[in-house]
Amino acid sequence: MSFLVVRALAVAGVAFMLAACHEPVREIRAFPDVARAQAGIGPINVETEAATVNATIVANLKAALEHVAQTCGNGPNKYTLDVRLENFKGMNAAAAILIGDSTQLAGFVRLTNPQTREVVGEYYVDEVRAGGGLIGIAVMSGASTTLPKAFANRVCSDILRRKVPAETLPPGQNTSGEKSYKP
């Protein structure tokens, strides 16, 4: 077998192992189902102290969350949505072609009752795209816009447990919020 075939199989194997182990949303404090059924998103705050997250990522995520709030988080009981971004990792094109690479946007999501200031739900969202070769580059390209959209859709599908409107989906996701492809 040629070196390129062996490399491609190795990249695919690592990507499948990582995809099988990856949990995009981890529950820290469960949002009660009774509250979730009537939940809406009120004020949205996005912040970061991580050097890897720039102002463009913060602005793109806030815009994506505001869009999701209109289409998915429109219940009558409004909760404050606080997001603290911990990491953004962009793609390295050379690494993606040679050995495979990944992109990541990760942070904490907290839902707070604005009247009582009680935290009613807290989660860690870790949105990752991985791949190798030219297809991997295509999957991971535009991470500063596609990852914030995917992160916001996770808030809708996994935290609020509502169907994600099709117009908000980045390429590679279906309406349940789950990946429709295997990286």
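Heads up: the structure comes first, above all this text.
Residues numbered from 1 in each chain as written. Predicted model: local features only at pLDDT ≥ 70, side-chain atom pairs only at ≥ 80, totals over all residues. Heavy atoms only, no water.

## Section: the overall build of the protein
Here's step 1: The number of helices and strands found in the protein is 6 helices and 5 strands.
Here's step 2: Written out in order from the N terminus, the α and β elements of the protein read α-β-α-β-α-β-α-β-β-α-α.
Here's step 3: Of all intrachain contacts in the protein linking residues separated by at least 6 positions in sequence, the fraction that spans at least 24 positions is 69%. (Helix = DSSP H or I, 4+ residues; strand = E, 2+ residues; numbered from the N terminus. Contact = heavy atoms within 4.5 Å.)

## A short note on the side chain of D126
Here's step 1: Checked against the element boundaries, D126 lands in strand 5 (residues 119-131).
Here's step 2: R26 provides the closest opposite charge to the buried, salt-bridge-free D126, at an N-O distance of 4.4 Å. (Buried < 20%, exposed > 50% of the residue type's maximum accessible area, 1.4 Å probe, protein only. Lys, Arg positive; Asp, Glu negative; His and termini not counted. Salt bridge = Lys/Arg side-chain N within 4 Å of Asp/Glu carboxyl O.)

## A few points about the environment of A152
Here's step 1: Note that A152 resides in helix 6 (residues 143-159).
Here's step 2: Sequence-distant contacts of A152, that is, excluding residues within four places in its chain, are made with L61, A64, L65 and V68.

## Here we look at the nonpolar core
Here's step 1: Of all hydrophobic cores here, the largest spans 36 residues; its most connected members are F31, L65, L81, V83 and L85.
Here's step 2: Residue assignment for this core shows that the elements contributing at least two residues are strand 2 (39-48), helix 3 (55-71), strand 3 (77-89), strand 4 (101-112), strand 5 and helix 6.
Here's step 3: Considering every element that reaches this core, the biggest residue donor is helix 3, with 7 residues.
Here's step 4: Residue contacts for L65: discarding those within four places in its chain leaves I44, V46, L81, V83, A152 and V155. (Core = buried A, V, L, I, M, F, W, Y, C linked by side-chain atoms within 4.5 Å.)

## Notes on unusual backbone geometry
Here's step 1: A positive phi is found at R117, a non-glycine position, where the angle reads about 60 degrees.
Here's step 2: Tracing the backbone shows R117 in the loop between strand 4 and strand 5.
Here's step 3: Residue R161 is not a glycine yet carries a positive backbone phi of 55 degrees.
Here's step 4: Within the fold, R161 resides in the segment after helix 6.

## A short note on the environment of Q115
Here's step 1: Structurally, Q115 can be placed in the loop between strand 4 and strand 5.
Here's step 2: On the accessibility criterion, Q115 (68% relative accessible area) is exposed.
Here's step 3: For the pair formed by Q115 and Y79, sequence separation is 36 residues and the distance between their alpha carbons is 9.1 Å.

## A short note on the state of the cysteines
Here's step 1: Applying the stated criterion across every chain, the model contains 1 disulfide.
Here's step 2: Between the sulfur of C72 and that of C156 lies a disulfide, 2.0 Å long from S to S. Note on the C72 and C156 pair: the S-S dihedral is about 95 degrees, so by sign convention the disulfide is right-handed. On the criterion of sequence distance, the pair formed by C72 in the loop between helix 3 and strand 3 and C156 in helix 6 is long-range, its members being 84 residues apart. Residues C72 and C156 agree in their burial class; the two are buried. (Disulfide = S-S within 2.5 Å.)

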